[in-house]
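Okay, here's what each chain looks like letter by letter:
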Amino acid sequence: MRPDTFWPNGMRSAAAFTFDLDAESAVVWGAPDNARRMSVISHQAYGPLVGVPRILNLLVEHSITATFFVPGFTAERYPEVVREIVAAGHELGHHGYVHEQPSALSRDQQIAALDRGLDVLAQVAGVRPIGYRAPMWDLSWEMPQLLLERDFLYDSSLMDSDRPYELAVASTQPASASLVEIPIQWTLDDWEQYCFLPEISGSGYIATPDQARALWESELDGLHAVGGCWVLTNHPFLSGRPGRAASLARLMARVVAMPDVWVAPLSDIARHTRALNLAPRSIQPIDEQELNS
Ligand code: ZN
């Protein structure tokens with residue numbers, strides 16, 4: 001398919017602003033001792049307390065509808081913030097219950113995290129999400145089928161394409177044998193640029209907002225040239241800081257000023273992709289047993 005026939009209304013490429021509202025969940029899952037560290041917890045709490053309101057204002061200023069992936073644990077701690085996101089017209093996506101890394105869980109544990117996350121988003125915000133993003137972008141091989149069984153339309157955790165596609169899923173229901181995949185990539189995440197939590201995460205090097213924006217703009221230009229889908233992932237506890245938010249605002253202004261870029265939440269991109277009726281494709285698994293033999 002040529003680049004100019006994939007996207008609607010003659011658009012050449014698509015762009016999405018996505019926000020993963022990890023808050024404290026990202027530092028306490030698998031490391032409950034971190035709950036003792038008041039400064040660490042406060043660093044994460046900055047996201048919902050200060051970052052989200054600032055980011056919501058930026059989104060209004062630039063007329064952007066965004067996607068927020070919210071762990072159930074965050075929604076329980078900050079229900080009003082999550083309801084404000086929904087009231088502002090943004091999409092809520094599933095991001096685990098307490099930011100569990102799917103590939104580190106058993107199938108039953110993955111099911112428990114998925115269902116608990118769904119229950120909380122329904123209770124707090126009255127939302128049944130159609131999109132899922134694996135915490136730590138670490139999807140398990142079982143998860144696509146679990147998502148299909150729960151009527152999810154799309155996942156946004158894989159990295160093997162420049163644009164969305166239909167991911168083939170082994171299923172007992174032939175009518176729903178694929179999941180839309182909206183790919184992400186590490187260069188388009190603010191964690192690697194900005195996160196520094198001593199003994200927990202980060203290289204110790206904190207990029208300037210100009211450096212981060214230059215990287216994100218280079219991928220924007222590159223993906224636009226090939227008719228791809230630019231999916232930026234920011235964390236409110238990182239990109240909600242004032243200097244970074246000002247830089248993000250400049251980036252938003254640039255993206256919305258590009259006349260042939262379709263700026264949309266991932267739900268719209270997923271529905272559009274589904275309507276294209278693409279042939280599903282799978283990712284070839286590697287047999288662990290064979291590797292060990
Ligand atoms: Zn996350």
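Quick summary incoming for the structure in this document.

The rules behind the values
- Residues numbered from 1 in each chain as written.
- Predicted model: local features only at pLDDT ≥ 70, side-chain atom pairs only at ≥ 80, totals over all residues.
- Heavy atoms only, no water.
- Donors = N, O, S within 2.8 Å, 3.2 Å for Na, K, Ca; no water.
- Tetrahedral: all angles 85-135°; square planar, octahedral: opposite > 155°, others 65-115°.
- Buried < 20%, exposed > 50% of the residue type's maximum accessible area, 1.4 Å probe, protein only.
- Salt bridge = Lys/Arg side-chain N within 4 Å of Asp/Glu carboxyl O.
- Helix = DSSP H or I, 4+ residues; strand = E, 2+ residues; numbered from the N terminus.
- Contact = heavy atoms within 4.5 Å.
- Phe/Tyr/Trp six-rings, centres within 6.5 Å; stacked < 30°, edge-to-face > 60°.
- Lys NZ or Arg CZ within 6 Å of the ring centre and 35° of its normal.

### With respect to the coordination of the zinc ion
Step number 1: The zinc ion binds to the protein through Asp-22 (OD), Asp-22 (OD), His-95 (NE2) and His-99 (NE2); the donor distances cover 2.1 to 2.6 Å.
Step number 2: Coordination at the zinc ion comes from 4 donor atoms whose angles at the metal span 54 to 142 degrees, giving a geometry best classed as irregular.
Step number 3: Mapped onto the sequence, the donors of the zinc ion take the spacing D-x72-H-x3-H.
Step number 4: You can call His-95 buried: its relative accessible area is 1%.
Step number 5: A residue is classified by how much of its surface remains accessible, and His-99, at 5% relative accessible area, is buried.

### Observations regarding the pattern of salt bridges
Step number 1: The final tally for this structure, using the stated rule, is 14 salt bridges.
Step number 2: In this structure, the salt-bridge partner of Arg-77 is Glu-24, at a minimum N-O distance of 3.1 Å. Of this pair, Arg-77 sits in helix H4 (residues 72-77) while Glu-24 sits in the loop between strand E1 (13-20) and helix H2 (25-28), placing them 53 residues apart in sequence.
Step number 3: Given the relative accessible area of 43%, Arg-77 is considered partly exposed.
Step number 4: Look at Glu-24 and you get buried, because its relative accessible area is 2%.
Step number 5: Salt bridges here are not isolated pairs; linked through shared partners, they connect Asp-210, Arg-213, Glu-217, Asp-221 and Arg-254.

### Structural notes on the environment of Gly-47
Step number 1: Topologically, Gly-47 is positioned in helix H3 (residues 38-61).
Step number 2: Spatially, the C-alpha atoms of Gly-47 and Asp-22 are 8.1 Å apart, while their sequence positions differ by 25 residues.
Step number 3: Every residue in contact with Gly-47, bar those within four places of it in the chain, is listed here: Leu-21, Val-52, Pro-236 and Phe-237.

### Brief notes about the packing of aromatic side chains
Step number 1: The tally for this structure, following the rule as stated, stands at 9 aromatic pairs.
Step number 2: With a centroid separation of 5.1 Å and 25 degrees between ring planes, the pair formed by Phe-19 and Phe-68 is classed as stacked. Placement of Phe-19 in strand E1 and of Phe-68 in strand E2 (residues 67-70) is noted, with a sequence separation of 49 residues between them.
Step number 3: Phe-68 sits in the buried class, given a relative accessible area of 0%.
Step number 4: Here the aromatic rings of Tyr-194 and Trp-216 are separated by 6.2 Å at their centres, their planes lie at 80 degrees, and the arrangement is edge-to-face. Taken together, the positions of Tyr-194 in helix H8 (residues 191-194) and Trp-216 in helix H9 (residues 209-225) put the pair 22 residues apart, joining distant regions of the chain. Taken as a pair, Tyr-194 and Trp-216 share a single burial class, namely buried.
Step number 5: These aromatic residues form a ring-pair network of at least three members: Phe-6, Trp-7 and Trp-262.
Step number 6: The ring centre of Phe-6 lies 4.2 Å from the NZ or CZ of Arg-163, which sits over that ring.

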